[in-house]
Amino acid sequence: MRHRFLLSLCVPLLVLGTALATPSQAVGQGSSVAEPFKVGTFEVDGSPFVGVVLRDRLIVDLNRANADLERDARYPAVPVPADMIDLISRYEYGMRARLYELVNHLVENDRVTGASRPDYIHDLAEVTTLPPILYPGKILNAAVNFYSHVDEQGSDEARAEARRQRQENRGVPYLFLKPSRGAVVGSGEPIILPWGRTMIDWEVELGAVIGRAGKYISADDAEAHVFGYMVTMDISDRGGRPPGGNPLQSDWFVGKGHDTFAPQGPWIVPKEFYGNPMEILRQSLDIGGERMQEATAGDMIHSLWELIEYGSSIITLYPGDVVNNGTSGGTGAGTAVRGEQRFLQAGEEISATIEGIGTLTHPVISEPEPQGLTGAQLTPVCEYRRCD
């Protein structure tokens, strides 16, 4: 009898809950949004903030927009994310619904443009674009993961044979760690050529931002662990380490670890607004308007999902970690495309684009000669290699 009485109380409560559903409940995880958006980190008057990007030219201050939305009593209070990693971590736990509500509110009430536009919506030109994630916990890069990047310095015959062998024996991916803070810079920031390092190269890559933590993630389930995608570059020092001392010749820290060598951005596209990169990816890189690299996912040796499976079989991936897909032929060290090597020079401008995401653009500058060192520093390339 007592159970039947409690059940009779529960039924009308459930019906009442449906009848009085708030806008947030009505949106839900699977609901639509008035228009797609991107997310990034920006700065106005020295104050950084997480922003929602509309139409690739309007930046909505998420904190202020959310406070404005919550003045309507129908919208419950939802804590704004402290930073991008917090947003990514909570995206599937209520933050997606709030962002959809916010965008719908602005679009459906004609507040995105015109006289009714609030002052927390900025033109892109009015803000400083920072790296979307300040800073990723780890960055995993794939080495030689495009067939066109295999043996770029070899003859036509040697390249064809090397690619044939890779197709027959793909093996497992090769991943390396790229430094985060110090190396990561946002669009518009200069790429600094380290003093004395004359063989600085470029690589455009797709950055997959992890949204859900996982260890031993199957390639079949990898997409479910991705939050979204951004443009990245793997700026590289091909000058190697000086001879003598340690007999090891390969030095990935020298090759990949300098300041400003990991541009990321200009923002992140949540995966529901991009699609499957293994079907639609098109990435390219230009220097001074000259096309250096261009490739699609069909050139990749291991899929993005296989990279995630491999990386997560070694270390747990967490929200805000980045897995880069590798780069194609057309790097400066290669001779297959232009017939000779060609490296970055101070005064040039480099831009990397992925269709459907955006473009990173960076001026290139030289670092002044450091002073007061004792001789343990990385020495100029020309001290141990021919530079003529």
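Here is what the cut-offs are and how they apply
Residues numbered from 1 in each chain as written. Predicted model: local features only at pLDDT ≥ 70, side-chain atom pairs only at ≥ 80, totals over all residues. Heavy atoms only, no water. Disulfide = S-S within 2.5 Å. Pairing = 2+ DSSP bridges. Helix = DSSP H or I, 4+ residues; strand = E, 2+ residues; numbered from the N terminus. Axes fitted to C-alpha atoms, helices over the stretch in contact; angles between N-to-C directions. Phe/Tyr/Trp six-rings, centres within 6.5 Å; stacked < 30°, edge-to-face > 60°. Buried < 20%, exposed > 50% of the residue type's maximum accessible area, 1.4 Å probe, protein only. Lys NZ or Arg CZ within 6 Å of the ring centre and 35° of its normal. Contact = heavy atoms within 4.5 Å. Polar contact = N/O pair within 3.5 Å; in protein donor to acceptor, adjacent residues only side chain to side chain. Core = buried A, V, L, I, M, F, W, Y, C linked by side-chain atoms within 4.5 Å. Salt bridge = Lys/Arg side-chain N within 4 Å of Asp/Glu carboxyl O. Parallel < 35°, antiparallel > 145°, perpendicular 65-115°, else oblique. Nonpolar A, V, L, I, M, F, W, Y, C, P; charged D, E, K, R; others polar.

Colleague: I tried to follow the state of the cysteines on my own but got confused; where do I start?
Modeller: By definition, a disulfide is the covalent link that joins the sulfur atoms of two cysteine residues. One pass over the full model with this rule turns up one disulfide. The disulfide bridge from C382 ends at C387, spanning 2.0 Å between sulfur atoms. For the disulfide bridge between C382 and C387, the dihedral angle about the S-S bond is near -120 degrees, and by the sign convention the bridge is left-handed.

Colleague: Would you mind going over the sheet that holds strand β19 (residues 358–366) with me for this structure?
Modeller: Hydrogen bonding along the main chain pairs the strands of a sheet, whether they run parallel or antiparallel. Spatially, the five strands line up as an open sheet ordered β9-β19-β18-β15-β16, and their pairing is mixed. Edge positions in the open sheet fall to β9 (191–193) and β16 (290–296), since each of these has one partner strand only. Between one strand axis and the next, the sheet turns by 20 degrees as a mean value, whatever way the strands run. With six bridges connecting them, strand β18 (residues 349–354) and β19 associate as antiparallel partners.

Colleague: Looking at this structure, I do not really get the pairing of β19. What am I missing?
Modeller: Sheet topology note: the β9/β19 ladder contains three bridges and is parallel. Its bridge partner lying in β19, L193 is registered against S366. Taking the residues that link successive antiparallel strands as the turn, the β18-β19 hairpin has three residues, and the phi of G356 there is positive, at about 90 degrees.

Colleague: What should I look at first to understand the packing of aromatic side chains in this one?
Modeller: Any pair of aromatic rings gets described here by the distance separating the centres and the angle formed by the planes. The tally for this structure, following the rule as stated, stands at eight aromatic pairs. Centre to centre, the rings of F42 and F49 are 6.1 Å apart; their planes meet at 40 degrees, and the pair counts as tilted. On the basis of relative accessibility, which here comes to 0%, the residue F42 falls in the buried class. The class for F49 is buried, based on a relative accessible area of 10%. Linked through ring pairs, F37, Y100 and F273 together constitute an aromatic cluster. The ring of Y216 has K215 lying over it, and the distance from NZ or CZ to the ring centre is 4.9 Å.

Colleague: I would appreciate a short explanation of the environment of R385 in the present structure.
Modeller: Along the chain, R385 falls in the segment after β19. The spacing of R385 and G240 is 145 residues in sequence and 9.4 Å in space, taken between C-alpha atoms. Excluding anything up to four places from it in sequence, R385 contacts M199, R238, G239 and G240. For R385, the side chain forms a polar contact with the main-chain oxygen of R238, separated by 3.2 Å.

Colleague: Could you clarify how one ought to interpret the nonpolar core in this entry?
Modeller: Among soluble globular proteins, nonpolar side chains are generally buried collectively. Formed by 42 residues in total, the largest nonpolar core has its most connected members in Y229, L285, L304, I308 and I350. The next biggest cluster of nonpolar side chains, apart from the first, holds 35 residues, and it includes V50, M95, L106 and F227.

Colleague: Which parts of the structure should I look at to understand the pairing of β16?
Modeller: One ladder, built from six bridges, connects strand β15 (residues 282–287) with β16; its direction is antiparallel. For D286, the partnering residue across the bridge sits in β16 and is R291. Here β15 hands over to β16 after two residues, with G288 in that stretch at a positive phi of 55 degrees.

Colleague: Explanation requested: the pattern of salt bridges in the structure shown.
Modeller: Side chains that differ in sign of charge can pair as their charged atoms come close. What the rule picks out here adds up to 29 salt bridges. Taking the shortest distance from any N to any O, the salt bridge between R111 and D68 comes out at 3.0 Å. One end of the pair, R111, is in the loop between α5 (95–108) and β4 (121–123); the other, D68, is in helix α3 (residues 62–69), and 43 residues separate them in sequence. Note that R164 and E168 form a salt bridge whose closest N and O atoms lie 2.7 Å from each other. Here the residue R164 and the residue E168 both occupy positions in helix α6 (residues 156–168), the gap between them amounting to four residues, near one helical turn. By relative accessible area, E168 is classed as exposed at 60%.

Colleague: Got a minute to help me understand the side chain of T327 in this structure?
Modeller: Relative to the helices and strands, T327 is located in the loop between β17 (322–324) and β18. Reaching out from T327, the side chain makes a polar contact with the backbone oxygen of V204 at a distance of 2.8 Å. Within polar-contact distance, the side chain of T327 engages the side chain of Q293 at 2.8 Å. Ignoring sequence-local partners within four residues, the contact set of T327 consists of F146, H149, E203, V204, E205, Q283 and Q293.

Colleague: What should I look at first to understand the packing of α3 against α5 in this one?
Modeller: The description of two packed helices rests on the angle between their axes and on the distance between the axes. α5 packs onto α3 with a crossing angle of 75 degrees between their chain directions and a minimal axis gap of 10 Å. As the angle between them shows, α3 and α5 are arranged roughly perpendicular. Where α3 approaches α5, its residues L62, A65, N66 and L69 are matched on the opposing element by R98, L99, E101, L102 and H105. Taken together, the residues of the contact of α3 with α5 break down into five nonpolar, two polar and two charged.

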